[in-house]
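Listed below, chain by chain, are the residues.
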Amino acid sequence: MIARVEPLTTTRRLAGPFDYAADGLELEVGSVVRVPFGRQALDGVVVAMAERSEVAPERLLAPSSVREDRVPPELVALALWMAGEYCSTPARALSLVLPPAGRPRTELWAEAAADPDGARLTERQRALLAGLPRPAGRELSALRRLEARGLVTIAPRARRRVPRTVPGADTAVELTAEQAAAVAAVDQGGAWLLHGVTGSGKTEVYLRAAAAARARGEGVIVLVPEIALTPQTVGRFQARFGDTVALLHSALGEGERYDEWRRLRSGEARIAVGPRSAVFAPVRDLGLVVVDEEHDPSYKHEGDPRYDARRVAAMRIRLARRAAGGEPAETARRPTLLAGSATPRPETWHRLAHLRLTERVGARPLPPVRVLDMRGARHPLHPETRRALTSARKAILLLNRRGWSNFLTCRNCGKVWECPACDVALVLHRAEHVLACHHCGHRERVPDRCDGCGSPAVARHGAGTERLEAELAEALDVPVFRLDADTAGAKDAVTDLLGRFAAAPAGLLIGTQMVAKGHDFPDVTLGVVVDADATLRFPDFRAEERTFALIAQLAGRAGRGPRGGRVLVQTTAPDAPAIVAAARHDAGGFLAGELERRRALDYPPFADLIRIVCSAEAAAAPRAAAGAVAAGVTGTPGATVLGPAPLFRLRGRHRSQVVVKARDRGAAIAAVRTAVDHAVRERAHRSVAFSVDVDPQ
Ligand code: ADP
Ligand code: ZN
Ligand code: ZN
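Residues numbered from 1 in each chain as written. Chains lettered and ligands numbered in written order. Predicted model: local features only at pLDDT ≥ 70, side-chain atom pairs only at ≥ 80, totals over all residues. Heavy atoms only, no water.

Some words on the overall build of the chain
Thought 1: Scanning the chain from N- to C-terminus turns up 19 helices and 30 strands.
Thought 2: For 697 residues, the compact-globule formula gives about 26 Å, and the C-alpha radius of gyration of the chain, at 29 Å, lands near that figure.
Thought 3: Seen through its principal axes, the chain has C-alpha atoms that stretch 95 × 70 × 60 Å.
Thought 4: By residue count, 51% of the 697 residues in the chain fall in the buried class. (Helix = DSSP H or I, 4+ residues; strand = E, 2+ residues; numbered from the N terminus. Rg over C-alpha atoms; globule rule 2.2 N^0.38 Å. Buried < 20%, exposed > 50% of the residue type's maximum accessible area, 1.4 Å probe, protein only.)

Here is the structure:
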């Protein structure tokens, strides 16, 4: 037999797979091998088995070793599809589905081997025998003596390294009529959008759908946004399904990750819960994929391949169906995709069948939202916001801008302090006494005078979370908690902070969009969005969608308890459709209008977007390379090519981008791949890095 091996290298230039001799080795699709390659040895994955090779038998080499852990064949197929779909390489895509590094941890266990009746034993030996089976631990030498007498056997057993989690409570509830209807629909299989307002009990629907899948003997994947921000969902799955749940996320130690992967691969665990990469969990007989908070941007991976876990989940389901025996007969149940959100993306709304949860559990009303016009305002907080914050016991305030002030200028000569490596202004972080670039991490000392003209008149403009925190801590009598990328750094910092806010009888939680994620604090009565325009002004076709989601999600944190609540939204664009619709809790109206706009402008879901970014240290090189890619794609049927257009310099690299709007997704992806592969090989573009983003976020 011949094994076709894709070597795991990062270069785009090597086009595998390559043939190796498989005789005498236990190889199959998904085996992870080490192979001789030229003068080096590389890791690789077997992507196909074949009877014969074009390579002469005497020239065929054999793998030097085979790992015990293998990739399930359906994940190999998934990776190869991803490599094509995202204009990446098989090696890069396969590296996402590999078994994690590590090995099982074992410990010695002692078991009773024979009836000890009649044996002469000390008191202590009798006690030891009565406690079997047990880990040998400190009693190993005593147990070894009993083993020598044939009374005990001692052998290694695997010992699971259990990830630490926030324990969740599981309360038995009776489904509402809307929940019951949703559960019944999902039971039929297919792809569903669960559109449920915040606090409507979507998680309970996921739990029931998972229970039904388990009852049919199927495996389940549950995708959640960042685990640190949604520990409650994970806790509830663990509370209901116990050890059959495996947790997969980036904060796990190597050993924990390895054990959780093994438990899924062996079938000991059947439900995988984790962020986007859990879509690659080796779950057996996959019957259901849940995508919680499907609008969350974290489902898009920003490395190569730039995959979208929601789209990959849909493909995985299609492959699972194929693995279950071709296209199913009418009677066969189809694997299910269940995506849920209070603020679904227009694409999902358009593509999937809808299930509705229109009411909060317990018929609690959604909080009224008031829009505060900030045109001409001189202070970052509206007087009404100040009043509301003073009287609220527990509140959440969202400002999507961290740091103290957004930028510094010289009052005398007009100099703006900018990052030396990126074309953006530096942000003042006062507590640390630095100016920081939020794009590359560059930091420098805070100036006490202008280095251009020597003037000491350096002005600070705008307010970020750090400044608002300081001002409000001064003005209010309640403790203020800040949650943003600056305070979330350390391990467990987010969990600790959210825990302290939850436990506090009164307090203000202030931060970036992290404060609007799915938290369930029943005693929060006030939500405030400061500067709702920050996302709206963003030059991106998703600006409206993001603004609507941000306001609606923040509103979702307020008034979940018996005391009700309200929401204030500060904006200089009080008539913007996204803000008006969010204030009315009108997701349907917003989505209908947004889809119309997208149809008129040829944006997703009516066309697919592909973005190609070329970057280099020299100023002219990226534009020339982007021009070559644009020329290569122009003329593809159904494709409109926009650009090249310059992007701001980032990390010292000049950049230029091309955007392709495609009516025929497959044809456009193929054309982009060909054009990029071509440009990569041209001498003139040698200094240029190419990055392709299909379905940019
Ligand atoms: P969502 O995810 O839609 O925002 P959750 O799933 O967090 O809402 O549910 C909100 C609260 O309502 C949770 O505390 C949950 O335990 C509770 N809940 C859900 N369904 C029911 C039900 N049928 N009866 C009573 N309580 C419920
Ligand atoms: Zn100056
Ligand atoms: Zn920078």
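Comments concerning the layout of surface pockets
Take a probe with the size of a water molecule and roll it over the atoms, and the empty space left behind shows itself.
Thought 1: For the second largest pocket, the calculated volume is near 1,100 Å³.
Thought 2: In this structure, the second largest pocket is lined by 42 residues; those nearest its centre are Ile-227, His-249, Ser-250, Ala-251 and Leu-252.
Thought 3: Those elements that place two or more of their residues in the lining of the second largest pocket are α7 (231-241), α8 (254-266) and α13 (493-503).
Thought 4: Broken down by element, the residue count for the lining of the second largest pocket peaks at four residues, all from α13.
Thought 5: Among the residues forming the lining of the second largest pocket, the class breakdown is 26 nonpolar, eight polar and eight charged. (1 Å grid on protein atoms, 1.4 Å probe; cavity = no way out; pocket = protein on both sides within 12 Å on 5 of 7 lines; lining within 4 Å. Points joined across faces, edges and corners; volume = space filled by probe spheres on them. Nonpolar A, V, L, I, M, F, W, Y, C, P; charged D, E, K, R; others polar.)

Topic: the sheet that holds strand β12 (residues 271-274)
Thought 1: Taken together, seven strands build an open sheet; the order of strands is β11-β12-β10-β13-β14-β9-β15 and the sheet is parallel. Unpaired on one side and paired on the other, β11 (245-247) and β15 (353-357) mark the two borders of the sheet. Recorded for the sheet is a direction-independent mean angle of 20 degrees between the axes of neighbouring strands.
Thought 2: Taken together, the four bridges between strand β13 (residues 286-291) and strand β14 (residues 336-341) define a ladder with parallel strand orientation. In the strand pairing of β14, Val-291 is matched with Ala-339. (Pairing = 2+ DSSP bridges. Axes fitted to C-alpha atoms, helices over the stretch in contact; angles between N-to-C directions.)

Some details on the packing of helix α3 (residues 123-130) against helix α4 (residues 140-148)
Thought 1: Running from amino to carboxyl end, α3 crosses α4 at an angle of 90 degrees, the nearest separation of the two axes being 11 Å. One finds that α3 runs roughly perpendicular with respect to α4. For the pair formed by α3 and α4, the contact residues are Arg-124, Gln-125, Leu-128 and Leu-129 on the first element and Ala-142, Leu-143 and Leu-146 on the second.
Thought 2: Taken together, the residues of the contact of α3 with α4 sort by class into five nonpolar, one polar and one charged. (Parallel < 35°, antiparallel > 145°, perpendicular 65-115°, else oblique. Contact = heavy atoms within 4.5 Å.)

Section: the packing of helix α15 (residues 543-557) against helix α17 (residues 587-601)
Thought 1: Where α15 contacts α17, the axes come no closer than 11 Å and their chain directions differ by 170 degrees. It follows that α15 is roughly antiparallel to α17 by the angle criterion. Every residue of α17 that contacts α15 at Glu-544, Glu-545 and Phe-548 is listed here: Ala-587, Phe-590, Glu-594, Arg-597 and Arg-598.
Thought 2: Its residues placed into classes, the contact of α15 with α17 shows three nonpolar, no polar and five charged.

Regarding helix α12 (residues 465-475)
Thought 1: Here α12 has its buried residues at Thr-465, Glu-466, Leu-468 and Leu-472. Buried residues of α12 fall within an arc of 160 degrees about the axis and therefore sit on the same side.
Thought 2: For α12, the secondary structure elements touched by its buried residues are α11 (383-391), β17 (394-398), β19 (427-429), β23 (480-483) and β24 (507-511). (Arc of directions from axis to C-beta.)

Notes on the coordination of the zinc ion (ligand 2)
Ideal geometry at a metal centre gives angles of 109.5 degrees when four donors are arranged tetrahedrally and 90 or 180 degrees when six donors are arranged octahedrally.
Thought 1: At this site the zinc ion (ligand 2) is bound by Cys-410 (SG), Cys-413 (SG), Cys-450 (SG) and Cys-453 (SG), with donor distances of 2.2 to 2.4 Å.
Thought 2: Of note, the zinc ion (ligand 2) draws all its donor residues from one chain, in the sequence arrangement C-x2-C-x36-C-x2-C. A residue pair is termed long-range when its members are at least 10 positions apart, and Cys-413 in the loop between β18 (407-410) and β19 and Cys-453 in the loop between β21 (443-445) and β22 (458-461) qualify at 40 residues.
Thought 3: Under the relative-accessibility criterion, Cys-413 is labelled partly exposed at 42%. (Donors = N, O, S within 2.8 Å, 3.2 Å for Na, K, Ca; no water.)

Some words on the pattern of salt bridges
Thought 1: Inspection of the entire model under this criterion finds 50 salt bridges.
Thought 2: Where Asp-693 meets Lys-300, a salt bridge forms, and the shortest distance between an N and an O atom there is 2.8 Å. Of this pair, Asp-693 sits in strand β30 (residues 689-694) while Lys-300 sits in the loop between β13 and α9 (309-323), and the two are 393 residues apart along the sequence. The exposure classification of Asp-693 matches that of Lys-300, with both residues buried.
Thought 3: Through salt bridges with shared partners, a single ionic network connects Glu-347, Arg-542, Glu-544, Glu-545, Glu-594, Arg-597 and Arg-598. (Salt bridge = Lys/Arg side-chain N within 4 Å of Asp/Glu carboxyl O.)

A closer look at the sheet that holds β17
Thought 1: Read across the sheet, six strands follow the order β16-β26-β25-β17-β24-β23 without closing on themselves; strand pairing throughout is parallel. For this open sheet the edge positions go to β16 (369-373) and β23, each flanked by a neighbour on one side alone. Along the sheet, successive strands turn relative to each other by an average axial angle of 15 degrees, direction set aside.
Thought 2: Where β17 meets β24, five bridges bridge the pair, whose relative direction is parallel. By the bridge assignment for β24, Leu-398 is matched with Gly-511.
Thought 3: Each of β17, β23 and β24 is contacted by α12, which is oriented at about 175 degrees to β23, the strand it contacts most.
Thought 4: Against the sheet, α13 makes contact with β17, β23 and β24, and its axis sits at roughly 150 degrees relative to β23, the strand it touches most.

Focus on α4
Thought 1: For α4, the complete set of buried residues consists of Ala-142, Leu-143 and Leu-146. Axial view of α4: buried residues confined to an arc of 95 degrees, hence all on one face. Turned more than 90 degrees away from the buried face of α4, the exposed residues are Arg-145 and Ala-148.
Thought 2: Contacts made by the buried residues of α4 are with β6 (106-112), α3 and β8 (152-158).
Thought 3: Within two residues after α4, Gly-150 carries a phi angle of roughly 80 degrees, on the positive side.

Things to note about the site of ligand 1
Thought 1: The full set close to ligand 1 counts 17 residues, and Glu-174, Gln-179, Gly-199, Lys-202 and Thr-203 are the nearest of them.
Thought 2: Here an oxygen atom of ligand 1 and a backbone polar atom of Gly-199 are 2.7 Å apart.
Thought 3: Arg-560 places a side-chain nitrogen or oxygen 3.5 Å from an oxygen atom of ligand 1.
Thought 4: Burial of ligand 1 by the protein amounts to 76% of the accessible area it has alone, namely 570 Å².
Thought 5: The residue makeup of the shell around ligand 1, split by class, is four nonpolar, seven polar and six charged. (Near = heavy atom within 4 Å. Polar contact = N/O pair within 3.5 Å; in protein donor to acceptor, adjacent residues only side chain to side chain. Areas by Shrake-Rupley, 256 points an atom, 1.4 Å probe, with all protein chains shown as cover.)

What to know about the nonpolar core
Thought 1: Residues Leu-483, Leu-509, Ile-610, Ile-612, Val-660, Val-672 and Phe-690 are the most contacted members of the largest nonpolar core, which totals 111 residues.
Thought 2: Ranked by residues supplied to this core, first place goes to helix α19 (residues 665-681) with eight residues.
Thought 3: If near-sequence neighbours (up to four positions away) are discounted, Phe-690 is found in contact with Val-613, Cys-614, Ala-625, Val-629, Val-676, Ala-679, Val-680 and His-685.
Thought 4: Counting residues in hydrophobic clusters, the runner-up holds 28 residues, among them Val-183, Tyr-206, Leu-207 and Phe-237. (Core = buried A, V, L, I, M, F, W, Y, C linked by side-chain atoms within 4.5 Å.)

Details of empty space enclosed by the protein
Thought 1: Scanning all chains against the criterion turns up two cavities of 30 Å³ or more.
Thought 2: When its volume is computed, the largest cavity comes out at roughly 60 Å³.
Thought 3: Considered as a void within the structure, the second largest cavity measures approximately 40 Å³ in volume.
Thought 4: Forming the boundary of the second largest cavity are Leu-398, Asn-400, Val-529, Val-530, Asp-531, Ala-532, Ala-534, Thr-535 and Leu-550.

Looking at the confidence of the model for the chain
Thought 1: Residues at a pLDDT of 70 or more form 97% of the chain, whose mean pLDDT is 91.
Thought 2: By mean pLDDT, helix α14 (residues 533-536) is the weakest element of the chain at 85, and strand β10 (residues 219-223) is the strongest at 97. (pLDDT = per-residue confidence, 0-100.)

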